[in-house]
Amino acid sequence: MSEQAAAPKKKLNPVRTPIRENDPVERRGVFVETLLPYTREETILEAQRCIQCGKPWCMEACPIGQDPRTYIKLIAAGDFNGARDLILRDNPLASCLGVVCYHYCEQSCPVAKKGDPIAIRHLKRAALEYADPETPYAPAVPTNGMRVAIIGGGPAGLMNAWVLGQRGYEVTVFETTDRLGGLMSGTIPAYRLTDEVFEADVARFRGLPVRFVFNTSFPKDVDLDRLLKEHDAVFLSIGTWKAKRLGIPGENLDGVYPALKFLKESKRGERRSIRPRVVVIGGGDVAMDSARTCLRLGAEEVTVLYRRSREEMPAADEEIKEAMDEGVKFQFLVAPKRFLGIRRLEAIELQQMILGQPDESGRRKPVPADAAPIMLRCDTAVVAVSQEADLQILPADLGVKLGRDGALEADPKTGATNRAGVFAGGGASVVHAMAAGKRAALAMDAYLVERKTSPA
Ligand SMILES: Cc1cc2nc3c(=O)[nH]c(=O)nc-3n(C[C@H](O)[C@H](O)[C@H](O)COP(=O)(O)OP(=O)(O)OC[C@H]3O[C@@H](n4cnc5c(N)ncnc54)[C@H](O)[C@@H]3O)c2cc1C
Ligand code: SF4
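Source: prediction; values computed, not measured. Residue numbers run consecutively from 1 along every chain, following the written order of its sequence. Labels are handed out in written order, letters beginning with A for the chains and numbers beginning with 1 for the ligands. Totals for whole chains, interfaces and linings use all residues, but because this is a predicted model, local features are given only for residues with pLDDT of at least 70 and pairs of side-chain atoms are given and counted only at 80 or more.

### So, helix H15 (residues 317-325)
Then comes step 1: Exposure is read from a count of other C-beta atoms within 10 Å of each residue's own; the residue is exposed at 12 or fewer, buried at 20 or more and partly exposed in between. C-beta atoms are placed from the backbone. Starting at the N terminus, helices and strands are each numbered in turn, a helix being any DSSP run of H or I of at least four residues and a strand any DSSP run of E of at least two. Within H15, the full set of buried residues consists of Glu319, Glu322 and Ala323. Buried positions in H15, seen along its axis, are confined to an arc of 100° and lie on one side of it.
Then comes step 2: If you follow the buried residues of H15, they end up packed against helix H14 (285-296).
Then comes step 3: One or two steps after H15, the chain reaches Gly327, where phi turns positive at roughly 105°. The arc under discussion is defined with respect to the helix axis, by the directions toward the C-beta atoms. A pair of residues counts as a contact when their C-beta atoms, built from backbone coordinates, are within 7 Å of each other.

Shown next as structure tokens:
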């Protein structure tokens, strides 16, 4: 990694320029965005807090290798166009990441040792917002005569298509639904990610030799043999759409919903209301989005039920805080035992838990307490316990397995599977999925170039 020339030491300002929010009481009933953008002045002020570290911690922490140190320097000097160009050089989904990225860069920013890390994600958003409107698209590249197929138009597939399209490959993305963006655009609610923001990113594919084919499912409509016959390489990025069930009595009652289906229908406007008393089961970001969506659909009372304590919750702190500010209630150390009702959900029975020894994740494992069960009246339950890739649709001889995050895992460095020319990958966050798509694209390029140049 390149070291920067020593610059005069800058006085560190530990206090972040505040990020304004829509009022929690007003926003809880509507799908308006939660966080408001910085003004131009606030953007420059926040960028000027960056101490321009000699070692770019933020860049090293970014799974797709964005260079915040340099684009923040450009922003600090008021050069929004320069910052935008640098951001888009490495990142076709920059508009989305400017609002939903889990900002691993900020976690490694040393300014946090004295106060708040630089608000890198919010600065990225502002750079795109205040740059001139014309978006620099990738220059038209001559096609190289080789064809690549991608299964799944989520962040992993899109990143793979973008990298390979820029290198002249003719790319076809086969997508089972009628739209792009996968879980990101399909389930993250509009108070965090609007369709308009996603469309700004989709526009970055214009001019590239990338074709999208919708309503086409693997392997039903296109199987691997056909794909390999018609293309030089294949990338499988099917995401993590298989929801885990709780496996307890009453899960099929009317009123009990798996979170992904629930969020997808809400995002598409197919679900516009909800019964008044809701429980959400789970402690991750999907649970937070489900709970906050229920408030916006008109629920009177929403309670998140989690089997560990607040400290072990996997959801991002900001999501938990925003949910609490909006009035979502939390009940910790309880596990669902059964759903009760005749045809329709009427209540949930909960087992009280205590925390035992740490498990393989390092978090203390919840174990049943010697205490009477709790009965909670509810008419809707959203089950947000976790999701994973559907391995059953892939041929077993590919050697692809599930990673710890539930995403497809092949060779960790290249995404290569056991079958020549077939690659796979995905991730539990947008930027990790994109990183998997990029890793595989570089490996596919190397594989295809070698195949083309090596004697038959
Ligand atoms: C509610 C929710 C909130 C989230 N919030 C955040 C957040 O704030 N920040 C963040 O970084 N991440 C967040 N994530 C995670 C993020 O959305 C995912 O990690 C990311 O979308 C994974 O990208 P992917 O390309 O691997 O898979 P996906 O996004 O799932 O994309 C896979 C694509 O493949 C398609 N597909 C599946 N099967 C087939 C098939 N058989 N044939 C053809 N096409 C197929 C799917 O329709 C989909 O379009 C959230 C996820 C959820 C569910
Ligand atoms: S790690 Fe933080 S302070 Fe250092 S260059 Fe990156 S944003 Fe600036």
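Okay, back to it.
### Quick look at the site of ligand 1
Then comes step 1: A molecule or strand has a residue near it when that residue's C-beta atom, placed from backbone coordinates, lies within 6 Å of it. Surveying the vicinity of ligand 1 reveals 40 residues, the closest of which are Gly152, Gly154, Gly182, Gly239 and Gly426.
Then comes step 2: Put simply, the parts of the chain that give the shell around ligand 1 at least two residues each are helix H9 (155-166), helix H10 (182-187), helix H13 (259-267), H14 and helix H16 (430-453).
Then comes step 3: If you tally residues by element for the shell around ligand 1, the top one is H10, at four residues.
Then comes step 4: Split into classes, the residues belonging to the shell around ligand 1 amount to 22 nonpolar, 15 polar and three charged. Gly is placed with the polar residues, together with every amino acid not listed as nonpolar (Ala, Val, Leu, Ile, Met, Phe, Trp, Tyr, Cys and Pro) or charged (Asp, Glu, Lys and Arg).

### Structural notes on H13
Then comes step 1: Those residues of H13 that fall on the buried side of the exposure criterion are Ala259, Leu260, Phe262, Leu263, Ser266 and Lys267. Viewed end-on, H13 has its buried residues packed into an arc of 160°, placing them on one side of the element.
Then comes step 2: Looking at the buried side of H13, the elements it contacts are H10, strand E5 (242-243), strand E6 (256-258), H14, strand E14 (380-383) and strand E15 (387-388).
Then comes step 3: One or two residues past the end of H13 sits Gly269, with phi positive at roughly 80°.

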